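Coordinates in review
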Amino acid sequence: ETVDHLGATAISTRGMIYSDGYVWQMVNTATDDRLVRIAIGDWTTSTITTGDSLGVGLSTLLATDGNVVWALFDDKLVRVQAGTPTTVCTLSSELRGIAYSNGRLLGHGDNEIYDLTALSYSTGSLPAALWTGPAGILINSIADGRGWTYAADYRGIIYKMQVKSDGTGLDVPIVAGS
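For clarity, every value in this text was computed on a predicted model and none was experimentally measured.

What counts as what
- Residues numbered from 1 in each chain as written.
- Predicted model: local features only at pLDDT ≥ 70, side-chain atom pairs only at ≥ 80, totals over all residues.
- Heavy atoms only, no water.
- Helix = DSSP H or I, 4+ residues; strand = E, 2+ residues; numbered from the N terminus.
- Buried < 20%, exposed > 50% of the residue type's maximum accessible area, 1.4 Å probe, protein only.
- Contact = heavy atoms within 4.5 Å.
- Areas by Shrake-Rupley, 256 points an atom, 1.4 Å probe, with all protein chains shown as cover.
- Pairing = 2+ DSSP bridges.
- Axes fitted to C-alpha atoms, helices over the stretch in contact; angles between N-to-C directions.

**Structural notes on the overall build of the protein**
- What the protein contains, in helices and strands, is zero helices and 17 strands.
- Expressed as a percentage of its 178 residues, the buried residues of the protein come to 43%.
- A separation of at least 24 residues holds for 36% of the contacts in the protein among residues at least 6 apart in sequence.
- In the structure as shown, the protein presents an accessible area of about 8,700 Å², 49% of it carried by carbon and sulfur atoms.

**Section: the sheet that holds strand 14 (residues 139-144)**
- Within the open sheet, the four strands sit side by side as 14-15-16-17. Their pairing is antiparallel. Bordering the open sheet on either side are strand 14 and strand 17 (174-177), each of which pairs with just one other strand. Taken pair by pair, the neighbouring strands of this sheet meet at an average axis angle of 30°, ignoring direction.
- Where strand 16 (residues 158-161) lies against strand 17, three bridges are found, and the strand directions are antiparallel. Across the sheet, Tyr 159 pairs through a bridge with Val 175, a residue of strand 17.

Given below as structure tokens:
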């Protein structure tokens, strides 16, 4: 469905999340990609256009801790706080999705999960992976759970895991379902 959105024709909505009184929406238009903030109540909108591409292989593009929104573009991770975007990490193609889980900002690549918490309020390079799965696993999403982080792959297998107490990695994932 094509909708008129802030003077541009939206080709697709690539993600939506609620944070701190706003609905945030990633919109792919014919001319650019946008992060749109929609105020709950009066539904006024403001657009944060970073000029970045959302990329074609990305799954979960938005994450929040309830106050700050992180947006994943195809070549960078952007933090939006009080409506101001800041690039926190320039990427090549390592990340395909992000999630906020159990007090940590996590990212996933094809078969790797990264702890982006240190980058979430500063800038720097992508850290070493917390966990690397076997070749052939393609993670497509991460979700928060009570004391657990869940990751799903394209084969439909759901893993549950916890960050080690020293923060250096993930405990061996357990298959939680399929």
